[in-house]
Amino acid sequence: MTTINSKIPQGPLSEKWSYYKSHQKLVNPANKRRLDVIVVGTGLAGASAAASLGELGFNVLNFCIQDSPRRAHSIAAQGGINAAKNYQNDGDSVYRLFYDTIKGGDYRAREANVHRLAEVSNSIIDQCVAQGVPFAREYGGLLDNRSFGGAQVSRTFYAKGQTGQQLLLGAYSALSRQVNQGNVKMYTRYEMLDVVVIEGRARGIIARNLVTGKVERFFGHAVVIGTGGYGNAFFLSTNAMGSNGSAAVQVYKKGAYFANPCFAQIHPTCIPVHGEFQSKLTLMSESLRNDGRIWVPKKKEDAEAIRTGKKKPTDLSEEDRDYYLERRYPAFGNLVPRDVASRAAKERCDAGFGVGASGLAVYLDFSDAINRLGQATVEERYGNLFQMYEKIVDDNPYKTPMMIYPAIHYTMGGIWVDYELQTSIQGLFSIGEANFSDHGANRLGASALMQGLADGYFVLPYTIQNYLADQIRVPRMSTDLPEFAEAEKAMEDKIKKLMSIKGKRSVDSLHKELGLVMWDFVGMGRTKESLETAMKRIKEIKKEFWSNVRIPGEADSMNPELEKALRVADFIEIGYLMAIDAYNREESCGGHFREEYQTEDGEALRFDDKYSYVSCWKYKGEDQEPELLKEPLDYEFIARQQRNYKA
Ligand SMILES: Cc1cc2nc3c(=O)[nH]c(=O)nc-3n(C[C@H](O)[C@H](O)[C@H](O)COP(=O)(O)OP(=O)(O)OC[C@H]3O[C@@H](n4cnc5c(N)ncnc54)[C@H](O)[C@@H]3O)c2cc1C
């Protein structure tokens, strides 16, 4: 039987990481130059890792699909990044950040990983300030903080509504310095198509030059995957159009486990879907819940009047408004975690209180904040978000409440990694949103940037050395080795097969069909029946895709339709993994809500005795069902409880 070793160090929780760092193997400076590390991805995780490994003296090859590392999806992050600095003196600490994250993830994350994350959070802020990241400051010049969901303290550092962009510019400048020094070689507009495994170890990648269409081979003593999340399996999501799960599927098919695929996050504050031809959803940052209050009409007739345009939200008096989050969760109010806020919005809309033409929207109202603070202050805090909303919806949110509805936003599941961020393939590591991460079944707001930068700046640069120290005698391998040739040929054959189908369906139409199945049957509420339907429908979509997709153009030149087709083929695989994982997990936890399993007041009902594990899916071959392996989650330091945000 395969046993899963998460390699968690012994000892007290707060000493595990220091113990690890003082006992791991190191690589001396002269040897570092002789070791090649491939880093795939230039988002916050990939760019910070490539820059740090370059700074240490390794020879780094860094890949991304965009024309500049700066265009990675991380640039879209709006609200902020968490750290346990306790600048507000409001009771924060490393332990509290650790505790909030474990609880926020509904007790489905590893204690040791999460504690390490909380420990290094403060160093991230210092690192970024040193790079010149322009975090917001208070009048006195100190760094400012705001609050995010699932916390009762203010620990979120931010740069207006553009935190991801500013952090990425910081990481990019560190990366550019290493490129300039010759330690990092950048490969922009290259898409990884496969990992090359030689004698059980990752030794390189196959990548397609997206400009020329040429498929090429690259050697590395180790390979790091930082390719982001797979939320676009739902077609409509807040992720960038290019975000994809392909590298995760490629390494899964080569033997890396895919962990907790069904843990996907639905964000409560997005601009509602407004038409059939839409290909993207827009996030309204969670930071808005600091000052915005969420409500729907108390009476169904008012909701109906608003839906039909007979009344405006501003016509309703205070008594006629139901601030349902404040009513249901007095202790956390509008700042409950995302899974809780999303389900509460769905519950109100399903019960007939939704607004907007479709009835699938709730209000996010700033009138109180504007009266209390003045419009100028609100504008200072969220100006760019208000502007974005007005441009998309053509409504002025300073005057009329915003309309919002939940949408797919983030994936907690991903490539399984141990404490060292190494996958089940030796020498293959994964960082950032691409790995199954430290967020359990639900990520708290502002914790993805923290995790991506923790992995890249402060964790991987240590842990990868523990592996590379044993590789110093391994010479650079030739990419003429048969394993490289076979992997390249398999990819060329796959592309030829796709191009030769010449069917009738566009790639997008199939992606959209998959997305609808995912949203309807593997979305915010899942049941045994809906998941059975999903698995059946996804198999049909796969068959249709591989027999009827049409890809115009040629394979040996720039071809965005071919790029999309390769990604959609992988989204179909991921969709199936999500459905089977959700089907297997007969409990509700965090973002995974099985409607059969809920408490009397509609909260997620966990079964710790049966499901306190990380589900690790192992590939068993084309058209075979994957095998489920389980990594038990032992809670040594925190007593698990039913999550409570009411009192
Ligand atoms: C609208 C929005 C707002 C958000 N706001 C916040 C926030 O305020 N705070 C927070 O903590 N989190 C936020 N998040 C989440 C956070 O932005 C992401 O989780 C995080 O940026 C992911 O970083 P990453 O480096 O792991 O991946 P990404 O930034 O997605 O980068 C992936 C990289 O991999 C490359 N790549 C992908 N596939 C391939 C391939 N096959 N070959 C080669 N290269 C490849 C891409 O080119 C890119 O460089 C937000 C998310 C969204 C969608």
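Report follows, based on the coordinates. None of the values given here were measured: they were computed from a predicted structure. (Residues numbered from 1 in each chain as written. Predicted model: local features only at pLDDT ≥ 70, side-chain atom pairs only at ≥ 80, totals over all residues. Heavy atoms only, no water.)

1. Some remarks on unusual backbone geometry
Most peptide bonds take the trans configuration, and most residues that are not glycine carry a negative phi. Unlike most non-glycine residues, Tyr107 shows phi in positive territory, near 60 degrees. Examined against the element boundaries, Tyr107 turns out to sit in the loop between α4 (94-104) and α5 (111-131). By relative accessible area, Tyr107 is classed as buried at 0%. A positive phi angle, near 65 degrees, is found at Ser437, a position not held by glycine. Look at Ser437 and you get buried, because its relative accessible area is 5%. (Helix = DSSP H or I, 4+ residues; strand = E, 2+ residues; numbered from the N terminus. Buried < 20%, exposed > 50% of the residue type's maximum accessible area, 1.4 Å probe, protein only.)

2. Details of the sheet that holds strand β6 (residues 190-198)
Spatially, three strands are ordered β6-β7-β8 in an open sheet, and the strand pairing comes out antiparallel. The sheet is open, and its two edges are formed by β6 and β8 (215-219), each paired on a single side. Direction aside, the axes of adjacent strands within the sheet are offset by 30 degrees on average. One ladder, built from five bridges, connects strand β7 (residues 201-209) with β8; its direction is antiparallel. Across the sheet, the residue bridging to Ile205 is Phe218, located in β8. (Pairing = 2+ DSSP bridges. Axes fitted to C-alpha atoms, helices over the stretch in contact; angles between N-to-C directions.)

3. Let's talk about the sheet that holds strand β1 (residues 36-40)
The strand order across the open sheet built from five strands is β5-β2-β1-β9-β17, with neighbouring strands paired in parallel fashion. The open sheet has two free edges, formed respectively by β5 (184-187) and β17 (428-430), since each of these has just one partner strand. Here the strands of the sheet are splayed against their neighbours by 20 degrees on average, with no regard to which way each runs. Sheet topology note: the β1/strand β9 (residues 222-225) ladder contains four bridges and is parallel.

4. Describing the site of the ligand
Near the ligand you find 37 residues, and of these Gln66, Ser74, Gly79, Met192 and Glu433 are the closest. Gly79 has a polar backbone atom sitting 2.7 Å from an oxygen atom of the ligand. Measuring from a nitrogen atom of the ligand, one finds a side-chain N or O atom of Asn244 at 3.2 Å. Counting residues per element, the ones that place at least two in the shell around the ligand are α3 (44-56), β6, β15 (402-411) and α13 (448-468). Broken down by element, the shell around the ligand gets its largest block of residues, three residues, from β6. Looking at the shell around the ligand, its residues break down into 16 nonpolar, 18 polar and three charged. (Near = heavy atom within 4 Å. Polar contact = N/O pair within 3.5 Å; in protein donor to acceptor, adjacent residues only side chain to side chain. Nonpolar A, V, L, I, M, F, W, Y, C, P; charged D, E, K, R; others polar.)

5. Regarding the packing of α5 against α13
One can describe the packing of α5 onto α13 by two numbers: an axis separation of 9 Å at closest approach and a directional angle of 100 degrees. As the angle between them shows, α5 and α13 are arranged roughly perpendicular. Two secondary-structure elements touch here, α5 through Arg116, Leu117, Val120, Ser121, Ser123, Ile124, Gln127, Cys128 and Gln131 and α13 through Met450, Gln451, Leu453, Ala454, Tyr457, Phe458, Val459 and Thr463. (Parallel < 35°, antiparallel > 145°, perpendicular 65-115°, else oblique. Contact = heavy atoms within 4.5 Å.)

6. Considering the packing of aromatic side chains
Taken as a whole and assessed by the stated rule, the structure comprises 31 aromatic pairs. On the numbers, 6.1 Å between centres and 70 degrees between planes, the contact of Trp17 with Tyr419 is edge-to-face. Taken together, the residues span a long stretch of sequence, with Trp17 in helix α1 (residues 16-23) and Tyr419 in the loop between β16 (414-415) and β17 at a distance of 402 residues. In this structure, Trp17 and Tyr419 share a single accessibility class: buried. Each ring, one from Phe63 and one from Tyr187, has its centre 4.7 Å from the other, and the planes form 10 degrees; the classification is stacked. In this pair, Phe63 sits in strand β2 (residues 59-63) while Tyr187 sits in strand β5, placing the two residues 124 residues apart along the sequence. Owing to a relative accessible area of 1%, Phe63 belongs among the buried residues under this scheme. (Phe/Tyr/Trp six-rings, centres within 6.5 Å; stacked < 30°, edge-to-face > 60°.)

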